[in-house]
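Okay, here's what each chain looks like letter by letter:
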Amino acid sequence: DLLNHIGDGLRQFNPDVWINRLFKTLKSGGNYTIRDVRYPNEAHRITRSGGLVVRLWRPGHVESQLDFPSERGLDDWDTELLRCGIDKSGPIEAGQVPEHIKINYLIVNDGSLEKLQLHLQTEFLDYIANTLKFLISVKDPLTNMISDTL
(Lines give C-alpha, C1' and ligand atoms only; values in the text may rest on other atoms or scores of the structure.)
Protein backbone atom coordinates (compact mmCIF):
# COMPACT_ATOMS: atom_id res chain seq x y z
CA ASP A 1 0.00 0.00 0.00
CA LEU A 2 2.72 2.47 0.95
CA LEU A 3 4.63 1.98 -2.31
CA ASN A 4 1.44 2.41 -4.34
CA HIS A 5 0.71 5.70 -2.54
CA ILE A 6 4.26 6.96 -3.12
CA GLY A 7 4.28 5.93 -6.78
CA ASP A 8 0.87 7.42 -7.51
CA GLY A 9 1.76 10.54 -5.52
CA LEU A 10 4.82 11.18 -7.69
CA ARG A 11 2.73 10.58 -10.82
CA GLN A 12 0.42 13.42 -9.76
CA PHE A 13 3.34 15.84 -10.13
CA ASN A 14 4.57 14.25 -13.37
CA PRO A 15 2.59 11.41 -15.01
CA ASP A 16 5.73 10.35 -16.91
CA VAL A 17 8.00 10.18 -13.85
CA TRP A 18 8.47 6.40 -13.93
CA ILE A 19 8.67 5.88 -17.70
CA ASN A 20 11.14 8.79 -17.97
CA ARG A 21 13.27 7.25 -15.25
CA LEU A 22 13.21 3.89 -17.02
CA PHE A 23 14.20 5.34 -20.39
CA LYS A 24 17.15 7.15 -18.82
CA THR A 25 18.57 3.78 -17.78
CA LEU A 26 18.32 2.15 -21.23
CA LYS A 27 21.47 1.89 -23.30
CA SER A 28 21.30 2.87 -26.94
CA GLY A 29 21.06 -0.09 -29.32
CA GLY A 30 19.97 -2.58 -26.65
CA ASN A 31 17.01 -4.93 -26.63
CA TYR A 32 14.78 -4.71 -23.60
CA THR A 33 11.70 -6.33 -22.12
CA ILE A 34 9.62 -4.05 -19.93
CA ARG A 35 7.46 -6.45 -17.95
CA ASP A 36 5.16 -4.08 -16.12
CA VAL A 37 3.34 -1.38 -18.07
CA ARG A 38 0.51 0.02 -15.97
CA TYR A 39 -0.68 3.22 -17.64
CA PRO A 40 -1.57 4.32 -21.17
CA ASN A 41 1.15 7.00 -21.24
CA GLU A 42 3.78 4.31 -20.58
CA ALA A 43 2.52 2.17 -23.47
CA HIS A 44 2.45 5.27 -25.70
CA ARG A 45 6.07 6.11 -24.85
CA ILE A 46 7.18 2.56 -25.64
CA THR A 47 5.44 2.45 -29.01
CA ARG A 48 6.56 6.01 -29.86
CA SER A 49 10.10 4.82 -29.22
CA GLY A 50 9.73 1.93 -31.65
CA GLY A 51 8.92 -0.72 -29.07
CA LEU A 52 6.13 -3.28 -29.05
CA VAL A 53 3.43 -3.55 -26.41
CA VAL A 54 2.04 -7.01 -25.71
CA ARG A 55 -1.06 -7.34 -23.54
CA LEU A 56 -1.61 -10.57 -21.64
CA TRP A 57 -5.30 -10.80 -20.80
CA ARG A 58 -7.16 -13.45 -18.86
CA PRO A 59 -10.91 -12.95 -19.30
CA GLY A 60 -12.85 -12.92 -16.05
CA HIS A 61 -9.72 -12.82 -13.91
CA VAL A 62 -9.37 -9.93 -11.49
CA GLU A 63 -5.69 -8.99 -11.41
CA SER A 64 -5.72 -7.39 -8.02
CA GLN A 65 -8.07 -6.61 -5.20
CA LEU A 66 -6.22 -3.33 -4.68
CA ASP A 67 -8.11 -0.26 -5.80
CA PHE A 68 -5.14 1.85 -6.92
CA PRO A 69 -4.94 3.52 -10.32
CA SER A 70 -1.75 1.57 -10.99
CA GLU A 71 -3.68 -1.69 -10.67
CA ARG A 72 -6.47 -0.61 -13.03
CA GLY A 73 -4.72 1.73 -15.49
CA LEU A 74 -5.24 -0.38 -18.61
CA ASP A 75 -8.54 -2.10 -17.73
CA ASP A 76 -10.47 0.18 -20.12
CA TRP A 77 -8.34 -1.11 -22.99
CA ASP A 78 -9.60 -4.67 -22.43
CA THR A 79 -13.18 -3.42 -22.66
CA GLU A 80 -12.36 -1.44 -25.80
CA LEU A 81 -10.72 -4.46 -27.45
CA LEU A 82 -13.87 -6.50 -26.86
CA ARG A 83 -16.00 -3.66 -28.21
CA CYS A 84 -13.88 -3.81 -31.38
CA GLY A 85 -14.45 -7.56 -31.65
CA ILE A 86 -10.93 -8.53 -30.62
CA ASP A 87 -11.06 -11.48 -28.27
CA LYS A 88 -8.48 -13.88 -29.72
CA SER A 89 -4.70 -13.97 -29.45
CA GLY A 90 -2.81 -12.34 -32.29
CA PRO A 91 -1.39 -9.15 -33.71
CA ILE A 92 -3.46 -5.99 -33.60
CA GLU A 93 -3.23 -4.07 -36.85
CA ALA A 94 -3.50 -0.32 -37.28
CA GLY A 95 -7.14 0.67 -37.65
CA GLN A 96 -8.53 -2.34 -35.76
CA VAL A 97 -8.80 -0.37 -32.53
CA PRO A 98 -8.98 3.33 -31.65
CA GLU A 99 -5.65 5.10 -31.99
CA HIS A 100 -5.28 5.74 -28.25
CA ILE A 101 -4.90 1.99 -27.61
CA LYS A 102 -1.23 1.19 -28.05
CA ILE A 103 -1.20 -2.60 -28.09
CA ASN A 104 0.65 -4.44 -30.84
CA TYR A 105 -0.20 -7.99 -29.82
CA LEU A 106 -2.85 -9.52 -27.59
CA ILE A 107 -2.38 -12.81 -25.80
CA VAL A 108 -5.65 -14.20 -24.46
CA ASN A 109 -4.97 -16.61 -21.62
CA ASP A 110 -8.29 -18.44 -21.54
CA GLY A 111 -7.17 -22.05 -21.32
CA SER A 112 -4.56 -24.32 -19.86
CA LEU A 113 -0.93 -23.52 -19.20
CA GLU A 114 -0.02 -25.91 -22.02
CA LYS A 115 -2.24 -23.99 -24.47
CA LEU A 116 -0.62 -20.71 -23.46
CA GLN A 117 2.89 -22.15 -23.78
CA LEU A 118 2.11 -23.59 -27.22
CA HIS A 119 0.83 -20.21 -28.44
CA LEU A 120 3.91 -18.43 -27.09
CA GLN A 121 6.31 -20.97 -28.62
CA THR A 122 4.70 -20.89 -32.06
CA GLU A 123 2.55 -17.96 -33.19
CA PHE A 124 3.91 -15.33 -30.80
CA LEU A 125 7.57 -16.15 -31.48
CA ASP A 126 6.89 -16.05 -35.23
CA TYR A 127 5.28 -12.63 -34.83
CA ILE A 128 8.22 -11.30 -32.82
CA ALA A 129 10.79 -12.71 -35.26
CA ASN A 130 9.02 -11.20 -38.28
CA THR A 131 8.48 -7.86 -36.53
CA LEU A 132 12.12 -7.63 -35.47
CA LYS A 133 13.29 -8.37 -39.02
CA PHE A 134 11.11 -5.50 -40.23
CA LEU A 135 12.31 -3.07 -37.54
CA ILE A 136 15.96 -3.88 -38.21
CA SER A 137 15.48 -3.44 -41.96
CA VAL A 138 13.80 -0.03 -41.52
CA LYS A 139 16.40 1.30 -39.05
CA ASP A 140 16.55 1.13 -35.30
CA PRO A 141 13.84 3.62 -34.19
CA LEU A 142 14.24 2.73 -30.50
CA THR A 143 17.91 3.69 -30.56
CA ASN A 144 17.15 6.98 -32.29
CA MET A 145 14.27 7.83 -29.97
CA ILE A 146 16.24 7.04 -26.80
CA SER A 147 19.14 9.26 -27.84
CA ASP A 148 16.71 12.04 -28.85
CA THR A 149 14.84 12.00 -25.54
CA LEU A 150 17.76 11.68 -23.15
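Here the residue index of a chain counts from 1 through its sequence in written order. Where local features are concerned, this predicted model is filtered to residues with pLDDT of at least 70; where side-chain atom pairs are given and counted, the filter is 80 or more; whole-chain, interface and lining totals use all residues. The basis for every side-chain value is the complete set of non-hydrogen atoms in the structure, without hydrogens or water.

Asker: How would you summarise the nonpolar core if you had to cite specific residues and measurements?
Answerer: We call a set of buried residues a nonpolar core when its members are Ala, Val, Leu, Ile, Met, Phe, Trp, Tyr or Cys and they connect through side-chain atoms within 4.5 Å of each other. Working definition: with a 1.4 Å probe on protein chains only, accessible area under 20% of the residue-type maximum means buried, over 50% means exposed, and in between means partly exposed. The biggest cluster of nonpolar side chains holds 17 residues, and the ones touching the most others in it are W77, L81, I86, I92, V97, I103 and L106. Strands here are runs of E lasting at least two residues and helices are runs of H or I lasting at least four, both read from the DSSP assignment and numbered beginning at the N terminus. Counting residues per element, the ones that place at least two in this core are α2 (17-25), α3 (40-48), α5 (75-83) and β3 (105-108). Only heavy atoms matter for contacts: two residues are in contact if any of them lie within 4.5 Å across the pair. Setting aside its immediate chain neighbours within four residues, I86 contacts L81, I92, Q96, V97 and L106. In terms of nonpolar packing, the next biggest core, distinct from the first, is built from five residues, Y105, L116, F124 and Y127 among them.

Asker: An account of the environment of N109 is needed here, citing residue identities and associated values.
Answerer: Within the secondary structure, N109 is located in the loop between β3 and α6 (113-138). Under the relative-accessibility criterion, N109 is labelled buried at 14%. Residues N109 and W57, spaced 52 residues apart in sequence, show a C-alpha to C-alpha distance of 5.9 Å. Residue contacts for N109: discarding those within four places in its chain leaves L56, W57, R58, P59 and L116.

Asker: Now, about the pairing of β3: what can you tell me, with residues and values included?
Answerer: Both faces of β3 are covered, namely the face carrying Y105 and I107 and the face carrying L106 and V108. Two strands are counted as paired when DSSP detects at least two bridges linking them. By the bridge criterion, two bridges tie strand β2 (residues 90-91) to β3 in an arrangement that is antiparallel. Of the residues in β3, the one forming a bridge with G90 is L106.

Asker: Residue-level account of α3, with values.
Answerer: Residues of α3 that are buried: E42, A43, R45 and I46. For α3, the angular spread of buried residues about the axis comes to 160°, placing them on one side. Count one or two residues on from α3 and you reach G50, which has phi positive near 90°. In this context, the arc is that of the directions from the helix axis out to the C-beta atoms.

Asker: Go over the layout of surface pockets, please, and point to the residues and values.
Answerer: A cavity, in this analysis, means grid points on a 1 Å lattice covering only the protein atoms where a 1.4 Å probe fits yet has no way out; a pocket is instead an open set bounded by protein on both sides within 12 Å along at least five of seven lines, and a residue lines either one if it has an atom within 4 Å of a point. Grid points are joined across faces, edges and corners, and a volume is the space filled by probe spheres set on the points. Approximately 450 Å³ is the volume attributed to the second largest pocket. Secondary structure elements with two or more residues in the lining of the second largest pocket: α1 (2-13), α2 and α3. For the lining of the second largest pocket, the residue count by class is eight nonpolar, three polar and six charged. In this classification, the charged set is Asp, Glu, Lys and Arg, the nonpolar set is Ala, Val, Leu, Ile, Met, Phe, Trp, Tyr, Cys and Pro, and all remaining amino acids, among them Gly, are polar.

Asker: So what's going on with the sheet that holds β3? Residues and values would help.
Answerer: Ordered by their spatial adjacency, three strands build an open sheet running β1-β3-β2, and the pairing between neighbours is mixed. Pairing within the sheet leaves two strands with one partner each, and these edge strands are β1 (54-57) and β2. The sheet contact formed by β1 and β3 spans four bridges and is parallel. Counted as the bridge partner of W57 is V108 from β3.

Asker: Tell me about the pattern of salt bridges, residues and numbers included.
Answerer: Where side chains of opposite charge bring their charged atoms close, a pairing between them can arise. For this document, the term salt bridge refers to a Lys or Arg side-chain nitrogen within 4 Å of an Asp or Glu carboxyl oxygen. Tallied over the entire structure, the rule returns five salt bridges. A salt bridge links R83 to E80, with the shortest nitrogen-to-oxygen separation between them at 2.9 Å. One end of the pair is R83 and the other is E80, both in helix α5 and three residues apart, which spans about a single turn. Its relative accessible area of 59% is what places R83 among the exposed residues.

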